[in-house]
Amino acid sequence: MGTKVTAETEASVNLAESKNIAENVHKLYSPFQGVLKPITEAPDEAFASKAMGDGYLVMPENGTVVAPEDGEVVFPSKHAIGLKAADGTEYLLHIGVDTVKLNGEGFTVFVSDGQEIKKGEKLMEFDPVYIREHAVSDACIVIFTGLTEGESLSLEGEKQVKRLELIGQIRK
């Protein structure tokens, strides 16, 4: 016995497929305020070549870093914070280039490993002037470390952004 496909069942299947397509998009919100740029403009070849993963950077206007979405802290250090979003997307917020050598000087971190975070929660503060004077760059880099083949990141283009502004998406 075959299943009869009616206009009603076809419509509900199409609606379900639409929802799946919508759910396969991870929206990106900026954790920083400043100028959004593509990762290929990072002042460090390891980031610019996407060796660690695709992403973007923001040239910061100030030193406040907030959670761009709800999730969990999976790797906090003085100059970088690893996050895992509720949908499993993993990424690293890396402040500056060659800032590991600063041994935490110029940074204040407000979160710890395993901590649940909410969108907009302050994660870290850093001193952009100190970073510019003592490191290669104060570029704030976001790297998506777990993207798989077929997943792609798209940004809205180089522009001025505010914290928590929608700046792009990852298609899964």
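Our structure is the block above this text.
Residues numbered from 1 in each chain as written. Predicted model: local features only at pLDDT ≥ 70, side-chain atom pairs only at ≥ 80, totals over all residues. Heavy atoms only, no water.

Draft legend 1. View of the overall build of the protein chain. A tally of regular secondary structure across the protein chain gives three helices and 14 strands. Burial statistics for the protein chain: of 172 residues in total, 40% are counted as buried. Summarising the internal contacts of the protein chain: among those between residues at least 6 apart in sequence, 70% fall at separations of at least 24. With an accessible surface of roughly 9200 Å², the protein chain has 50% of that area assigned to carbon and sulfur atoms. (Helix = DSSP H or I, 4+ residues; strand = E, 2+ residues; numbered from the N terminus. Buried < 20%, exposed > 50% of the residue type's maximum accessible area, 1.4 Å probe, protein only. Contact = heavy atoms within 4.5 Å. Areas by Shrake-Rupley, 256 points an atom, 1.4 Å probe, with all protein chains shown as cover.)

Draft legend 2. Summary view of the nonpolar core. Among the nonpolar cores identified, the biggest contains 30 residues, and Phe32, Val65, Leu83, Leu93, Ile95, Leu123 and Phe144 are the most heavily contacted of them. Looking at this core, the elements that each hand over two or more residues are strand E3 (54-60), strand E6 (80-85), strand E7 (90-97), strand E10 (122-126), strand E11 (137-144) and strand E14 (166-171). Apart from residues no more than four positions distant in its own chain, Leu93 is found in contact with Pro31, Phe32, Val65, His79, Ala80, Ile81, Leu83, Leu123, Ile141 and Val142. Grouped together as the second largest cluster of nonpolar side chains are nine residues, Ile39, Phe47, Ala48 and Val97 included. (Core = buried A, V, L, I, M, F, W, Y, C linked by side-chain atoms within 4.5 Å.)

Draft legend 3. Examining the sheet that holds E6 more closely. Reading across from one edge, E9-E5-E6-E7-E11-E3-E2-E13 is the order of the eight strands in this open sheet, with antiparallel pairing throughout. The sheet is open, and its two edges are formed by strand E9 (116-117) and strand E13 (159-161), each paired on a single side. Note that strand E2 (residues 34-38) and E3 share five bridges and pair antiparallel. Bridged to Gly34 within E3 is Pro60. (Pairing = 2+ DSSP bridges.)

Draft legend 4. The arrangement of the pairing of E10 in detail. Looking at chain direction, strand E4 (residues 64-66) and E10 are connected through three bridges and run antiparallel. Bridge pairing links Thr64 to Glu125 in E10.

Draft legend 5. The environment of Ile131, seen in detail. Inspection of the secondary structure assignment puts Ile131 in helix H3 (residues 128-134). Each C-alpha atom of the pair Ile131 and Gly96 lies 7.0 Å from the other, and the pair is 35 residues apart in sequence. For Ile131, the contacting residues outside a window of four places in its chain are Gly96, Thr99, Leu102, Phe107, Phe126, Ser137 and Asp138.

Nothing here speaks to function; it is all geometry.
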